[in-house]
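Coordinates in review
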Amino acid sequence: MAAAATMAAAAREMVLRAGTLDMEEEEGPLGGGPGLQETLQLGELDITSDEFILDEVDGSEFASSSYPLGICYRTFLCLGVDLRHYSKQVELELQQIEQKSIRDYIQESENIASLHNQITACDAVLERMEQMLGAFQSDLSSISSEIRILQEQSGAMNIRLRNRQAVRGKLGELVDGLVVPSALVTAILEAPVTEPRFLEQLQELDAKAAAVREQEARGTAACADVRGVLDRLRVKAVTKIREFILQKIYSFRKPMTNYQIPQTALLKYRFFYQFLLGNERATAKEIRDEYVETLSKIYLSYYRSYLGRLMKVQFWTHGLGDRDSSDRNTIFTLGTRGSVISPTELEAPILVPHTAQRGEQRYPFEALFRSQHYALLDNSCREYLFICEFFVVSGPAAHDLFHAVMGRTLSMTLKHLESYLADCYDAIAVFLCIHIVLRFRNIAAKRDVPALDRYWEQVLALLWPRFELILEMNVQSVRSTDPQRLGGLDTRPHYITRRYAEFSSALVSINQTIPNERTMQLLGQLQVEVENFVLRVAAEFSSRKEQLVFLINNYDMMLGVLMERAADDSKEVESFQQLLNARTQEFIEELLSPPFGGLVAFVKEAEALIERGQAERLRGEEARVTQLIRGFGSSWKSSVESLSQDVMRSFTNFRNGTSIIQGALTQLIQLYHRFHRVLSQPQLRALPARAELINIHHLMVELKKHKPNF
């Protein structure tokens, strides 16, 4: 139907255009009218053109809506279609279609009316729905505004609540800080200070007093209501605390009282002093001054008495050159004295003087010094820690308070030490005291008590100069010793060298624990003087053999003592080892010279001639060689026996004598072996006396029989 309608519309338009064309033809008749003056531009529809082919024209193309109306019109003209007739035909068809449509409409009128009614009803429903939705929209708008209002009201209420809670908290704190409960009043006024509830309520009182002071600074008027009550409670608490602490301090003064017990008890009430410090500084200063005065006197009295009793159990020592000392065997020998600086002895319990006196025991000065200063160290550490904890001080303030308590005691101890050192010549004791101080200083550092550092420096400032002075005096004493004034001499070790060996080994072994270069320098000077002294004494002997025996005995003794305590690679050990080896070799040559001197001289001369290429000169020595061969063969056994006995008589150290005999026999074998090599030269090979030579292996076997065994 749509296509038919389109074709009808196209036909009507063509009819109208045809009518217009007729009107134009009437105005311009064919053959000479003005309409013929214009050429009709048919374009592609020009039937006179050879290019237009009617066979290619399809009727369906005219019905297509894609062709413009003008093209259809021209096409109909070209085809020679009668447009009027075609138009009427189209109108007829349209009328038919219209009538058919009317009949269809009439037939469907009921349905259309029903549809109209339904549409009207739907419109009414939709209108009502629109009204309802509009009402809903307005309701939602009002609800949204109400929700926004409620949110704003809720936020405001939350802010007010938070503000009220903050105010309530601060106000509660203020009220709690200002209100004085009855339990606090009862405890402060009635409870003894030793009860736990008094301490608890005292802390509460201190907190309230601090809170009131803070609120007063802010201008809080309510503080005036409780200021009077708090002041009266504070005064009462201060009075009770003052009486309690002073009573404890006064109890220190009772005779035969162990002050450490009540002092330790005070630590449980250290808050009492903190309360006084924050609320009544005058009373706090009074208590501190009273404590300082009391403890200062107690420590001074205790240490003065203890020092006096300790010095009664000391045995006295003397100098290096004092031969009349009754205890000279322990003056220069370290022995067990060195154990005083061992870890176990260093922190051992202090000496009890009256117990030692009852047992008639005597101790060297370093043992007394150790006991005295260990007691001082222990009490000082304890006192320093108590001061820091109870009096709430640290750093320089703690040092000042400590020295206020212990200063008089430390000064007294330094004066006593200075007085003792003025007459002390026991270098080992002084050196041990130095090492005791060095170790005690390390212990104090480990305990984190720096208050004694200055005291340790003062003690060392007294000990080091005295120790160096004693060593220098010993050096001068040995240097100025005249051997001729020492009485009778023998080849045994001299008592001065023995003392030096013990003395030097003692200092070297102590110095190895904490080395000190100045000590090694002084010991080096002393060693040089002792070596010179030994040479001066040896020069008093008439024979070189006796001189060598004396030197070897002294060097061997000093070396043996040093090796017991000093390290094998120490300077002293190396020095005396070299001296001993040199003198031993010289003594062996001196020992072999009387019985085998001719043999030694010949071997040396012959080896020199052979080395210079003058071996022919040996031909003139046949008689001398013969005499040497026969003389050695007849006397070597007796000579060796005499040599062995002489060595064993000359040396006090059997081990050293054995070593010398072994060295002499070894050198004798080497000498005889060299003699054999000389006789094997062509110039002496034909000598008849060579048959009398002793076989070298036989000689070695025989000489082994003379080697002492110990």
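This text gives an overview of the structure that appears in the document. What you see is a predicted model; the values in this text were computed from it and never measured. (Residues numbered from 1 in each chain as written. Predicted model: local features only at pLDDT ≥ 70, side-chain atom pairs only at ≥ 80, totals over all residues. Heavy atoms only, no water.)

**A few points about the overall build of the protein chain**
The line we're drawing: In DSSP terms, a helix is any run of H or I states spanning at least four residues, a strand is any run of E spanning at least two, and both are numbered starting from the N terminus. Accessible area is worked out with a 1.4 Å probe on protein chains only. A residue is then buried under 20% of its type maximum, exposed over 50%, and partly exposed in between. Residue contacts follow a heavy-atom distance rule, with two residues in contact if any of their heavy atoms lie within 4.5 Å. We get accessible surface area from the Shrake-Rupley algorithm with a probe of 1.4 Å; when it comes to residues, only the shown protein chains can shield them.
Regarding its fold elements, the protein chain presents 25 helices and zero strands. Out of the 710 residues in the protein chain, the part that is buried amounts to 39%. Pairs at least 24 residues apart make up 78% of the contacts formed inside the protein chain by residues separated by at least 6 positions. Carbon together with sulfur atoms contributes 52% to the accessible area of the protein chain, which is approximately 40200 Å² in total.

**Digging into the pattern of salt bridges**
Selection rule: The term salt bridge refers to a pairing of a side-chain nitrogen on Lys or Arg with a carboxyl oxygen on Asp or Glu at a separation within 4 Å.
Tallying each qualifying case throughout the model produces 25 salt bridges. Note that glutamate 290 and arginine 253 form a salt bridge whose closest N and O atoms lie 2.2 Å from each other. Note that glutamate 290 is positioned in helix 11 (residues 281–310) and arginine 253 in the loop between helix 8 (223–251) and helix 9 (260–266), a separation of 37 residues in sequence. The shortest N-O distance in the salt bridge between glutamate 457 and arginine 441 comes to 2.7 Å.

**Some words on the nonpolar core**
A general trend in soluble globular proteins is that nonpolar side chains are found buried together. Test applied: Throughout, nonpolar core names a set of buried Ala, Val, Leu, Ile, Met, Phe, Trp, Tyr and Cys residues whose side chains join them through atoms within 4.5 Å. What counts as a domain boundary in this text is fixed by an automatic or database domain assignment.
If you look at the biggest cluster of nonpolar residues, it comprises 178 residues, and the most contacted ones within it are Leu463 and Phe675. Looking at which domains feed residues into this core, each of domain 2 (280–318 + 329–480) and domain 3 (591–709) supplies at least three. Residues in contact with phenylalanine 675, not counting those within four places in the same chain, are Leu599, Phe602, Val603, Val625, Leu628, Ile629 and Leu693.

**Thoughts on the packing of aromatic side chains**
To be explicit about the condition: Side-chain rings of Phe, Tyr and Trp (the six-membered ring for Trp) are treated as a pair once their centres are within 6.5 Å; stacked means planes under 30 degrees apart, edge-to-face means over 60, and tilted covers the remaining angles. A ring is considered to have a charge above it if a Lys NZ or an Arg CZ atom is located within 6 Å of its centre and within 35 degrees of its normal.
Per the counting criterion, the structure on display carries 32 aromatic pairs. Geometrically, the ring pair formed by phenylalanine 244 and phenylalanine 272 is edge-to-face, given 5.9 Å between the ring centres and 80 degrees between the ring planes. You can see phenylalanine 244 sitting in helix 8 and its partner phenylalanine 272 sitting in helix 10 (residues 270–279), a full 28 residues away along the chain. Overall, the relative accessible area of 9% leaves phenylalanine 244 in the buried class. Relative to tyrosine 291, the ring of phenylalanine 252 has its centre 6.4 Å away and its plane inclined at 75 degrees; by these criteria the two rings are edge-to-face. Here the residue phenylalanine 252 occupies a position in the loop between helix 8 and helix 9, and tyrosine 291 occupies one in helix 11, the gap between them amounting to 39 residues. Phenylalanine 252 gets classed as buried once you look at its relative accessible area, which sits at 3%. Overall, tyrosine 291 belongs to the buried group, its relative accessible area being 1%. One cation-aromatic arrangement involves arginine 466 over tyrosine 425; the distance from NZ or CZ to the ring centre is 5.0 Å.

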